[in-house]
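One letter stands for each residue in the lines below.
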Amino acid sequence: MKSYVPCATNTFRKARAWPRWAAFYSSAPPASQVYCGKDDTPLVRTEYLSDKRIWILHMLAQETPDNRLTHTFIEHGLLPALRDVRMHWASWVKESNTADGAALVTTAPMDNKIFSNGLDLINALRDPHFFNDHLNKLFRELLTFPIPTVASVGGHAFAAGFTLALAHDYRVMNSERGYLCMNEIEFGAPIPKGMLGVITSVARQPSLQRKIVLEGHRFTAPEALEQGLIDATSKGQQGTLDVAVALADRLRSRCAKNAWQAIRELLKEEAILSQYEPPKAHITVSV
């Protein structure tokens with residue numbers, strides 16, 4: 001049984017309300033913070049490396065063993081964690097305390113062969129508002145993040161899990177294990193507009209887009225690097241995380257003048273706009 005620090009509480013959440021949030025976030029970030037579902041299942045743990053000003057967002061694979069992007073995982077784990085990091089950065093901007101920059105790295109457990117296996121598809125499709133109100137909200141949060149983000153892909157990243165990695169600024173992938181794949185074509189599911197917008201913001205060439213979404217190709221780390229889907233490889237899950245943290249450390253100074261978000265939003269304008277789409281009340285899927 002793994003042990004974690006206590007989960008973030010609702011009282012902690014309410015501290016964000018304007019105008020009181022600025023004073024709350026002006027203190028140093030906690031070294032570790034866990035975000036749980038309503039049943040107290042740990043979903044995400046953030047680890048703050050104070051000497052580097054880097055947050056490591058650990059997806060804990062406790063609600064589902066393969067970090068599926070469920071309603072609960074997004075709303076009670078990923079989004080609150082990302083928004084707390086954003087608020088800490090905003091407090092530093094207000095204090096003119098950004099000279100050292102900052103960055104964020106996302107990873108899965110070191111003993112997990114999967115980074116994220118995508119959606120809990122049946123439950124996602126039962127909710128006509130899931131994409132707009134949950135998944136697209138997560139992608140938009142990452143696409144507009146004010147500091148550099150790096151995905152440490154230590155294992156398989158399929159479907160929405162692949163897209164989650166692509167929504168980060170940079171990606172490092174384990175050369176010893178794992179595929180990147182959009183496998184919707186294999187089971188007859190359409191790819192939502194928001195997910196496709198994230199994909200095409202990285203995979204610019206039509207031939208590569210076709211290979212990803214129409215062929216469902218499984219990219220190994222060397223293939224993904226050759227195609228520009230990732231930025232580096234490393235051996236093993238820990239080695240992948242180490243390289244991702246080193247990359248984040250190199251990049252963090254790029255946001256010191258607080259222009260990262262504004263410039264990135266221009267680069268990702270089409271992808272950001274694609275995160276708004278009609279509710280999918282009539283989608284069906286065969287599994």
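Summarised in this report is the structure supplied together with it. Small disclaimer: the values here were computed from a predicted structure and weren't measured.

1. Focus on the nonpolar core
Within the largest apolar cluster, 64 residues are counted, with the highest numbers of intra-cluster contacts made by Leu69, Leu119, Leu135, Ile147, Leu180, Ile212 and Leu229. Per-element tally for this core: the top contributor is helix 3 (residues 71–94), with 9 residues. Setting aside chain neighbours within four positions, we find Leu135 in contact with Leu69, Ile74, Leu119, Phe130 and Met195. By size, the runner-up hydrophobic cluster in this structure holds 14 residues, among which are Ile56, Leu241, Val245 and Leu251.

2. Structural notes on the sheet that holds strand 2 (residues 42–49)
With respect to topology, 7 strands assemble into an open sheet ordered 1-2-3-4-6-8-10, the strand pairing being mixed. Strand pairing shows two members of the sheet lacking a second neighbour, strand 1 (32–36) and strand 10 (232–234), which therefore form its edges. Neighbouring strand axes in the sheet, compared pairwise and without regard to direction, differ in orientation by 20° on average. As paired strands, strand 2 and strand 3 (residues 54–59) are joined by 6 bridges and run antiparallel to one another. By the bridge assignment, Arg45 is partnered in strand 3 with His58.

3. What about the packing of aromatic side chains?
This model, assessed by the stated rule, comprises 5 aromatic pairs. Ring geometry for Tyr48 against Trp92: centres 6.4 Å apart, planes inclined by 45°, an arrangement best described as tilted. Residue Tyr48 is located in strand 2, and its partner Trp92 is located in helix 3; the two are separated by 44 residues in the primary sequence. Residue Tyr48 shares its accessibility class with Trp92, and that shared class is buried.

4. With respect to the environment of Ala159
Tracing the chain through its elements places Ala159 in the loop between strand 7 (156–158) and helix 6 (160–166). With relative accessibility at 8%, the residue Ala159 sits in the buried group. C-alpha of Ala159 to C-alpha of Ser116: the two residues are 43 residues apart in sequence and 8.6 Å apart in space. Sequence-distant contacts of Ala159, defined by excluding residues within four places in its chain, comprise Gly118, Cys181, Met182, Asn183, Glu184 and Met195.

5. Quick word on helix 3
Here helix 3 contains 24 residues, and its C-alpha end-to-end distance of 33 Å stays within 8% of the 34 Å for a straight helix at 1.5 Å per residue. Leu79 marks where helix 3 bends most, by close to 30°; the proline Pro80 follows one to four residues later. Following helix 3 by one or two positions, Ser96 adopts a phi angle in the positive range, close to 55°.

6. A word on empty space enclosed by the protein
Applying the stated criterion across every chain, the model contains 3 cavities of 30 Å³ or more. Lining the largest cavity are 11 residues, and of these Pro30, Gln33, Tyr35, Thr46 and Trp55 lie nearest its centre. At the level of elements, strand 1 and helix 3 are the ones that each hand at least two residues to the lining of the largest cavity. Here the lining of the largest cavity gets 4 residues from one element, more than from any other, and that element is helix 3. In terms of residue class, the lining of the largest cavity is built from 7 nonpolar, 3 polar and 1 charged.

7. Quick look at the sheet that holds strand 7
Working definition: the strands of a sheet are paired by backbone hydrogen bonds and lie parallel or antiparallel to each other. If you trace the 3 strands from one edge of the open sheet to the other, you get 5-7-9, paired in parallel fashion. Of all the strands in the sheet, just strand 5 (114–116) and strand 9 (180–181) have a single pairing partner and so form its edges. Across 2 bridges, strand 7 lies against strand 9 in parallel orientation. If you follow Ala157 over to strand 9, its bridge partner there is Leu180.

8. Observations regarding the environment of Gln238
Within the secondary structure, Gln238 sits in helix 11 (residues 237–251). Overall, Gln238 belongs to the partly exposed group, its relative accessible area being 41%. A C-alpha to C-alpha distance of 8.9 Å links Gln238 and Asn174, two positions 64 residues apart in sequence.

9. Quick notes on the environment of His129
One can find His129 in the loop between helix 4 (121–126) and helix 5 (130–143). Since its relative accessible area comes to 39%, His129 is described here as partly exposed. On a C-alpha basis, the gap between His129 and Glu277 in space is 9.6 Å, while along the polypeptide they are 148 residues apart.

Conventions we followed
Residues numbered from 1 in each chain as written. Predicted model: local features only at pLDDT ≥ 70, side-chain atom pairs only at ≥ 80, totals over all residues. Heavy atoms only, no water. Core = buried A, V, L, I, M, F, W, Y, C linked by side-chain atoms within 4.5 Å. Buried < 20%, exposed > 50% of the residue type's maximum accessible area, 1.4 Å probe, protein only. Helix = DSSP H or I, 4+ residues; strand = E, 2+ residues; numbered from the N terminus. Contact = heavy atoms within 4.5 Å. Pairing = 2+ DSSP bridges. Axes fitted to C-alpha atoms, helices over the stretch in contact; angles between N-to-C directions. Phe/Tyr/Trp six-rings, centres within 6.5 Å; stacked < 30°, edge-to-face > 60°. Expected span 1.5 Å × (residues − 1). Bend = angle between axes of the 7 residues up to and from the residue. 1 Å grid on protein atoms, 1.4 Å probe; cavity = no way out; pocket = protein on both sides within 12 Å on 5 of 7 lines; lining within 4 Å. Points joined across faces, edges and corners; volume = space filled by probe spheres on them. Nonpolar A, V, L, I, M, F, W, Y, C, P; charged D, E, K, R; others polar.

The values reported here are purely geometric and, on their own, carry no functional implication.
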